[in-house]
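Remarks on the overall topology
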Amino acid sequence: MSVIRKEIQVKLQEIFVDLFDDDGIVISNDTTAKDIDEWDSLMHITLMVTVEREFGIKFRAEEIGQLKCVGELIDLIVERKG
Amino acid sequence: MSFTSFHFGLFVIISFIANNYCRGKTTYGLVAFLINLAFFSSFFDTLLGAVPIVIFLITAYFLVVLSFYIKKPFVLFISLFAVMMIFSYLKKYTFVSWSPELPFVYTVIGMSYILFRVIHLIVDVYEGSIKDKIGFIDFINYCCFFLVLVSGPIVRYQDFSLQYLSKESSLLLSREDVVGAFSRILTGYIKIVGLSALFIFLFSTFNQEYWQLKVGTGGKVVAVWFGYASVTYFFHLYFNFTGYMDVVIGLGILFGYRLPENFNKPLLASSFLEFWTRWHITLSEWFRTYFFNPLVKWLNGVVKDSNKHVVSIGILGYFATFLVIGYWHTPSICLAILLGVGAAVNKIFQGFSKQIFGKKRMKRLNGNDFFNYICRGLTISYLAISIAFLWMDYREIYFKYSFVWIAVSFFMIWAVVGAVSAMAMVIYDKLARFANRFHLVIENQSLSCMATNAWLVSKLFIILYASLITINPTPAFIYMGF
């Protein structure tokens, strides 16, 4: 895993723990909404808004709807950060 | 053209041959265009009756093309506003009733679903999610694809175009594909001709009894007939919609399209919000992407310390989204309010129960079978009562009974129907498990060709038998009206 991806994952880990209010969450590239009980439509969009704020980026409507796992989210952040 | 008519069967055979033997992008596009046009035009009695929807499509195409060239937020806003206003005007929504009506009769078949596709195109083109230019023929083939024209599923353009463009080469269908497709189509027709017809017959009987009740009839009697009618209508809707989707998805395979599933066992949903992730899935996804998400994003922008108000923002977002979904289904405001309130109360309950019982205890409770069956019963019951406003006029109840009576009886019926549904769910689960085992054996690839054929033929016989004993005409596709 590249350094940039690792840094993004660490930051995402903090966001997840904070947002889902659960210290036990450990994210990986394969983590999906099924792995976290409270990850519903509302938490998904709230997560996206928080990521947009924290990383200073913007997602498209279609991207938000099509994200399947944390790995894809990291790919998208890497792509958007250029 | 009804999916259960002889004409449709003939139409499918002719278009299947044309669809599967014409190759090359331009030829395929033109052939698909003619097939879609032939299906589309079967719904119009006069040429004039088709003019409004054709103007709508041409305007929509112009706005989609505009989104490729002008990336300004106000142009996006005006484009979306324009298509929604034309749609509302042609669909005669009450909030535009002040405007003069067109002086001739016209048809708006499939217009809601065309609107969903057009909004998706305008937004995704504007945001750059769709980069390739869209020609007029391809636009019409996407928006008016005959299999999904009247009621979805709502396919994303990105997924559709990949499959549509792949038609340049020969279409290869395996034996499993063909058998699976036919099996699915036959299952669909069993649901339409058999189960949906049975439930609409029961519903008509109960509904007749319900409306014949005089003012002053005991509350219990009214509640019983209303309960019967609402539950049978719900199951009629369920089998009707899933049956037609089975036919559409099965035919899709034969035409070389993998259409998205629109249902995922909605009777297993243990909450209102979960139900909508299992029922009419592509509609829910569309509303989530183009209504709920932008609304919640906007609320996050305007509310201070929004991270501390996630649940409150969610309640507002869900309420507004389901209010619109309800209003889209029928102009009766009752359904809209009941759906909006159902979603909001579901979210409030989730928040409260987590605070009161704690996450771990709630997780244990959610895993409890008894609790789960009660939740499933109450979910189906609430939805059955809500969608009663598709067949019942709220003014009738209002004039017949007092508000307090309505409120009390609502909770009474909800609880009773919920409890009965919960018990029915236990039987449903046992039957579903048995059916699944049976299905696995039948559909097993290792079975001989003869056994598979026997299975298909037996399905065909069920359809024929159901058609023979059905007193009422085959139920039309309910969602065609939306």
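My aim in this report is to walk through the structure given alongside it, one point at a time. Since the structure is predicted, the reported quantities are computational estimates derived from the model, not experimental observations.

Points about the overall build of chain B
Regarding its fold elements, chain B presents 18 helices and 0 strands. Burial analysis of chain B (482 residues in total) assigns 50% to the buried set. Sequence-distant contacts in chain B: of pairs separated by 6 or more residues, those separated by 24 or more amount to 77%. As displayed, chain B offers around 23,800 Å² of accessible surface, 71% of which is attributable to carbon and sulfur atoms.

Thoughts on the overall build of chain A
In terms of regular secondary structure, chain A is built from 4 helices and 0 strands. Walking chain A from its N terminus toward its C terminus, one meets helices and strands in the order α-α-α-α. Taking 2.2 N^0.38 as the reference for a compact globule, 82 residues should give roughly 12 Å; the C-alpha atoms of chain A span a radius of gyration of 12 Å, in line with that estimate. Along the first, second and third principal axes, the C-alpha set of chain A runs to 30 × 30 × 20 Å. Taking all 82 residues of chain A together, the buried fraction comes to 50%. Counting only contacts in chain A whose residues sit at least 6 apart along the sequence, the fraction spanning at least 24 positions is 49%. Summed over all atoms, the accessible surface of chain A reaches about 4,300 Å², with 49% contributed by carbon and sulfur.

Some thoughts on the interface of chain A and chain B
The extent of an interface is frequently quoted as the accessible surface area lost upon association of the parts. Opposite the 23 residues of chain A that make contact, chain B presents 26 residues. Roughly 2,000 Å² of surface becomes buried between chain A and chain B when both sides are summed, with 49% attributable to carbon and sulfur atoms. On the chain A side of the interface with chain B, the three residues burying the most area are Leu42, Arg60 and Glu62 of chain A, jointly 28% of the side's total. There are 5 salt bridges connecting chain A and chain B. Between lysine 297 of chain B and glutamate 52 of chain A there is a salt bridge, and its shortest N-O distance comes to 2.9 Å. Seen at the junction of chain A and chain B, the total is 11 residue pairs in polar contact (both at pLDDT 80 or more).

Regarding the side chain of serine 67 of chain B
Residue and element names in this part refer to chain B. Here serine 67 is to be found in helix α3 (residues 51-69). Polar contacts involving the side chain of serine 67 include one to the main-chain carbonyl oxygen of leucine 63, which spans 2.8 Å. Once you skip the residues sitting within four places of it in the chain, serine 67 turns out to touch Ile122, Val125 and Tyr126.

With respect to helix α2 (residues 25-41) of chain B
For α2 of chain B, with 17 residues, the first-to-last C-alpha span of 24 Å sits near the 24 Å given by 1.5 Å per residue. The set of residues buried in α2 of chain B consists of Tyr28, Gly29, Val31, Ala32, Phe33, Ile35, Asn36, Phe39 and Phe40 of chain B.

A few points about the environment of isoleucine 380 of chain B
Residues and elements named next belong to chain B. You can see isoleucine 380 is positioned in helix α15 (residues 369-386). Here isoleucine 380 falls in the buried class, since its relative accessible area comes to 4%. On a C-alpha basis, the gap between isoleucine 380 and asparagine 293 in space is 26 Å, while along the polypeptide they are 87 residues apart. When sequence neighbours within four positions are dropped, the list of residues in contact with isoleucine 380 reads Phe234, Pro266, Leu267, Phe275 and Met425.

Structural notes on the packing of helix α13 (residues 333-357) of chain B against helix α14 (residues 359-366) of chain B
Their axes nearest at 6 Å, the elements α13 of chain B and α14 of chain B cross at an angle of 115°. Between α13 of chain B and α14 of chain B, the contacting residues are Ser353, Lys354 and Phe357 of chain B on the first element and Lys359, Arg361 and Met362 of chain B on the second.

Some remarks on the environment of histidine 120 of chain B
All names here are of chain B. For histidine 120, the position within the fold is in helix α5 (residues 111-127). When the C-alpha atoms of histidine 120 and phenylalanine 461 are compared, they prove to be 42 Å apart, with 341 residues separating the residues in sequence. Ignoring any residue separated from it by four or fewer positions in sequence, one finds histidine 120 in contact with Tyr142, Arg156, Tyr157, Gln158, Trp286 and Tyr290.

Quick notes on the nonpolar core
Membership of the largest hydrophobic core comes to 170 residues, with the highest contact counts inside it found for Leu12 and Phe16 of chain A together with Phe8, Phe139 and Phe234 of chain B. The leading source of residues in this core is helix α9 (residues 219-254) of chain B, at 19 residues. Residues lining this core come from more than one domain, with at least three contributed by each of domain 1 (14-168) and domain 2 (177-469) of chain B. Every residue in contact with phenylalanine 139 of chain B, bar those within four places of it in the chain, is listed here: Leu57, Ala60, Tyr61, Val64, Val118, Leu121 and Ile134 of chain B.

Section: the packing of aromatic side chains
Two descriptors summarise a pair of aromatic rings, namely the distance from one centre to the other and the angle between the planes of the rings. Residues and elements named next belong to chain B. Per the stated rule, a full pass over the model turns up 53 aromatic pairs over all chains. With a centroid separation of 5.1 Å and an interplanar angle of 55°, the aromatic rings of tyrosine 61 and phenylalanine 139 are classed as tilted. Here tyrosine 61, found in helix α3, pairs with phenylalanine 139, found in helix α6 (residues 136-143); they are 78 residues apart in sequence, far enough to count as distant. There is no split in this pair, since tyrosine 61 and phenylalanine 139 are both buried. Summarising the aromatic geometry, the rings of phenylalanine 145 and phenylalanine 146 are spaced 5.9 Å apart at their centres and angled 85° between planes, so their arrangement reads as edge-to-face. The same class applies to phenylalanine 145 as to phenylalanine 146, namely buried.

Topic: a nonpolar patch on the surface
A contiguous nonpolar patch, built from Phe74, Phe77, Ile78 and Phe81 of chain B and spanning about 470 Å² of accessible area, is present on the exposed surface. Here phenylalanine 77 of chain B lies in helix α4 (residues 73-90).

Comments concerning a negative patch on the surface
Residues Glu14, Asp18, Asp21, Asp22, Asp23 and Glu54 of chain A make up a contiguous surface patch of negative charge. Here aspartate 22 of chain A is to be found in the loop between α1 (3-20) and α2 (41-55).

As for the packing of α1 of chain A against helix α4 (residues 70-81) of chain A
When two helices pack together, you describe them by how their axes are tilted relative to each other and by the distance separating the axes. Residues and elements named next belong to chain A. Between α1 and α4, the shortest axis-to-axis distance is 10 Å and the interhelical angle comes to 120°. When the interaxial angle is binned, α1 and α4 end up oblique. Crossing of α1 against α4: the hand is right-handed. Facing α1, whose interface residues are Arg5, Ile8, Gln9, Leu12 and Phe16, α4 presents Val70, Gly71, Leu73, Ile74, Asp75, Ile77 and Val78.

Conventions we followed
Residues numbered from 1 in each chain as written. Chains lettered and ligands numbered in written order. Predicted model: local features only at pLDDT ≥ 70, side-chain atom pairs only at ≥ 80, totals over all residues. Heavy atoms only, no water. Helix = DSSP H or I, 4+ residues; strand = E, 2+ residues; numbered from the N terminus. Buried < 20%, exposed > 50% of the residue type's maximum accessible area, 1.4 Å probe, protein only. Contact = heavy atoms within 4.5 Å. Areas by Shrake-Rupley, 256 points an atom, 1.4 Å probe, with all protein chains shown as cover. Rg over C-alpha atoms; globule rule 2.2 N^0.38 Å. Buried area = accessible area lost by both parts, 1.4 Å probe. Salt bridge = Lys/Arg side-chain N within 4 Å of Asp/Glu carboxyl O. Polar contact = N/O pair within 3.5 Å; in protein donor to acceptor, adjacent residues only side chain to side chain. Expected span 1.5 Å × (residues − 1). Axes fitted to C-alpha atoms, helices over the stretch in contact; angles between N-to-C directions. Core = buried A, V, L, I, M, F, W, Y, C linked by side-chain atoms within 4.5 Å. Domains from an automatic or database assignment. Phe/Tyr/Trp six-rings, centres within 6.5 Å; stacked < 30°, edge-to-face > 60°. Patch = residues over 30% accessible without salt bridge, like charges linked within 9 Å, V, L, I, M, F, W, Y side chains within 5 Å. Lys, Arg positive; Asp, Glu negative; His and termini not counted. Charge placed at Lys NZ, Arg CZ, Asp CG, Glu CD. Parallel < 35°, antiparallel > 145°, perpendicular 65-115°, else oblique. Left-handed = near helix turned anticlockwise from the far one by under 90°.

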